[in-house]
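Close look at the chain arrangement
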Amino acid sequence: MDVLSVTSEIFPLVKTGGLADVAGALPLALAAHDISVRTLVPGYPAVTNALKRGRVVAEIGDLFGGSAKLVAARVGGLDLIVLDAEHLFDRPGGIYVDDFGKDWTDNWQRFAALSWVAAELAKGMVEGYRPRIIHAHDWQAAMVAAYVAFGGDQQTRVVVTIHNIAFQGQFGADIFPHLRLPDAAFTMHGVEYYGGVGFLKGGLQCAHAITTVSPTYAREIRTPEYGMGLEGLLNQRGYDLHGILNGIDPVAWNPQTDPALAANYAAANTKKRSVNKLALTSRFNLDHSEGPLFGLVSRLTWQKGIDLIAANIDWLVSLGGQLAVLGSGEAHLEAAMADAAVRHPGRVGFVQGYDEDLSHLMQGGSDIMLVPSRFEPCGLTQLYGLRYGAVPLVSRVGGLADTVIDANEAAIEAGVATGIQFSPVDSQTLGEAILRAINLYAEPETWSRMQRKGMKTDVSWNNSAGKYAMLYQNLAADQ
Ligand SMILES: Nc1ncnc2c1ncn2[C@@H]1O[C@H](COP(=O)(O)OP(=O)(O)O[C@H]2O[C@H](CO)[C@@H](O)[C@H](O)[C@H]2O)[C@@H](O)[C@H]1O
């Protein structure tokens, strides 16, 4: 079965977060289920520069204000269709924001164009290729469902996946006439949202199936607390909403072979992790210490609960812990981390920025991976933590609740604990969890049992890829 995946980022070519990891790993996992995936992705410089042998498969005279080409290429086992449109994607700066961190003002046009092209592919824009299932990721691709519903091929079935409902792609009504949609689409049954245009809203309204990236988040987003205004729509569409847990790329994230580590290891020889810890402490200018090293690899935002960590740093250090932080994001949170590093030399280190290799070393060398998110659709850093023996300390929300087994007394006794969970998500409860983690770390046998249990947890795509395959098959059977 042919599936067209549509995404605004994909590992290893272009990544700002977890969406790229999923978009890059899922097609490879689906191959084992006889699903052949091609991925439509924007031709940002990082993408077009990586193409060695591309083949132009279609030319588009006017794509929202300029000409464009579709280039088919194979990169790292992924079949790509690159939307090469200079006026939309060939520019320096970030993929969503300019050098000052401001959203590109034509984002609506860039991602409407991406979505429109996907719907045209399903209508046969490229000879010999006609995907019946389109899998659209997040608001940047969600409008595919609207383009299919209002003027697309009616045999096409569209799945929209919500990776984070906080990002909705909302624009003014003035863009509507430029979207190439009929007037009928500007209603509550289409893309209209509180008088403007909602890309994610339109996608969720028109999709044949909706997925999100964990069962708990699928339940949470049906409530006002987590639904960010879309809970009513999601409740109406509850029957078509599925929570399918993310997996991880088992090749890119394997402590036995990972080239970014100072020492490779398996569950049977976790002692070698100390070599990575040493490399990490030296990179972060931290002292040698017998206490646990907490690691944080994250966007520094309110969602990720970074302010709760900031409020607990003095406490963590007073208990004998150390902290290494890799991330960038909101200015006041970056400042809080930089300030903590100055106040606690040798105990707290902060590397501001984005560094893929260092993020791997953090997983291989930290004792504890901190993920105290206020909401977390799935979360990948705790999955990497499990695989690498960096015991996750997580808030009990979304995918974090679904993937970590809390080390309460009964779970320790039964030998099933894989991490530490806390709830409610506030700084005092996080402080208590930090104390609990430090006390557990002081019991080497319990700790190493928990570490090994985590490393043996199945965090692969095996199970979840099968669920996506079944969803596609059910939708295809329904045509
Ligand atoms: N400074 C840095 N340097 C290097 N690497 C860094 C980094 N900061 C973050 N990363 C990496 O970016 C990714 C983050 O993925 P997450 O899934 O944890 O969150 P994100 O909010 O981006 O994803 C959203 O989509 C994913 C995918 O569905 C959901 O799991 C998640 O809950 C949802 O919020 C990880 O691969 C992490 O290692």
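Bear in mind the structure is a predicted one, so any value in this text is a computation, not a measurement. (Residues numbered from 1 in each chain as written. Predicted model: local features only at pLDDT ≥ 70, side-chain atom pairs only at ≥ 80, totals over all residues. Heavy atoms only, no water.)

Some details on the overall build of the protein chain
Assigned secondary structure in the protein chain consists of 21 helices and 18 strands. Relative to the globule expectation of 23 Å for 479 residues, the C-alpha radius of gyration of the protein chain, 23 Å, shows essentially globular dimensions. Counting the 479 residues in the protein chain, one finds 59% classified as buried. Sequence-distant contacts, at least 24 apart, represent 70% of the contacts inside the protein chain between residues at least 6 apart. When the accessible surface of the protein chain is totalled, it reaches about 19000 Å², and 52% of it is carbon and sulfur. If you average the places of the 37 positive and of the 49 negative side-chain charges in the protein chain, the two averages end up 5 Å apart. (Helix = DSSP H or I, 4+ residues; strand = E, 2+ residues; numbered from the N terminus. Rg over C-alpha atoms; globule rule 2.2 N^0.38 Å. Buried < 20%, exposed > 50% of the residue type's maximum accessible area, 1.4 Å probe, protein only. Contact = heavy atoms within 4.5 Å. Areas by Shrake-Rupley, 256 points an atom, 1.4 Å probe, with all protein chains shown as cover. Lys, Arg positive; Asp, Glu negative; His and termini not counted. Charge placed at Lys NZ, Arg CZ, Asp CG, Glu CD.)

A few points about the UniProt feature "binding site: ADP-alpha-D-glucose" (unreviewed entry) in the protein chain
The residues that UniProt annotates with the feature "binding site: ADP-alpha-D-glucose" (unreviewed entry) are Lys 15. Summarising the element assignment, Lys 15 is placed in the loop between strand 1 (2–6) and helix 1 (18–30). Setting aside residues up to four positions removed in sequence, Lys 15 forms contacts with Glu 9, Ala 20, Asp 21, Tyr 354 and Glu 356. A polar atom in the side chain of Lys 15 sits 2.9 Å from the side chain of Asp 21. (UniProt positions renumbered as here; feature names shortened; annotations may be inferred. Polar contact = N/O pair within 3.5 Å; in protein donor to acceptor, adjacent residues only side chain to side chain.)

Focus: the site of the ligand
Asp 21, His 163, Arg 299, Glu 376 and Gly 379 are the nearest of the 28 residues found near the ligand. One of the side-chain nitrogen or oxygen atoms of Asn 246 is found 2.9 Å away from an oxygen atom of the ligand. Here the ligand loses 96% of its free accessible area of 720 Å² to cover by the protein chains. Elements with a contribution of two residues or more to the shell around the ligand: helix 1, strand 13 (293–300), strand 14 (322–329) and helix 16 (381–388). A total of four residues in the shell around the ligand trace back to one element, the largest contributor, which is helix 1. A per-class count over the shell around the ligand returns ten nonpolar, twelve polar and six charged. When residues are assigned to domains, the shell around the ligand turns out to be shared by domain 1 (2–247 + 462–477) and domain 2 (273–456), each giving three or more. (Near = heavy atom within 4 Å. Nonpolar A, V, L, I, M, F, W, Y, C, P; charged D, E, K, R; others polar. Domains from an automatic or database assignment.)

Thoughts on the UniProt feature "domain: Glycosyl transferase family" (unreviewed entry) in the protein chain
Residues annotated in UniProt with the feature "domain: Glycosyl transferase family" (unreviewed entry) correspond here to residues 289–452. With 48% helix and 20% strand, residues 289–452 has its two end C-alpha atoms placed 22 Å apart.

Some thoughts on the pattern of salt bridges
For the structure on display, the rule yields 17 salt bridges. Glu 356 is the salt-bridge partner of Lys 15, the closest N and O atoms lying 3.3 Å from each other. Of this pair, Lys 15 sits in the loop between strand 1 and helix 1 while Glu 356 sits in helix 15 (residues 356–365), and the two are 341 residues apart along the sequence. Among the charged side chains, a network of salt bridges with common partners joins Lys 15, Asp 21 and Glu 356. (Salt bridge = Lys/Arg side-chain N within 4 Å of Asp/Glu carboxyl O.)

Some remarks on the nonpolar core
Judged by nonpolar contacts, the single largest core of 86 residues is most densely connected at Leu 40, Leu 63, Leu 70 and Leu 179. No other element matches helix 4 (residues 107–122), which puts eleven residues into this core. For this core, the domains that each give at least three residues are domain 1 (2–247 + 462–477) and domain 2 (273–456). Dropping the residues within four chain positions of it, Leu 179 is found in contact with Phe 64, Trp 108, Ala 112, Met 143, Tyr 147, Val 197 and Phe 199. Core analysis: the second largest hydrophobic core is formed by 35 residues, Leu 308, Ile 309, Ala 341 and Leu 370 among them. (Core = buried A, V, L, I, M, F, W, Y, C linked by side-chain atoms within 4.5 Å.)

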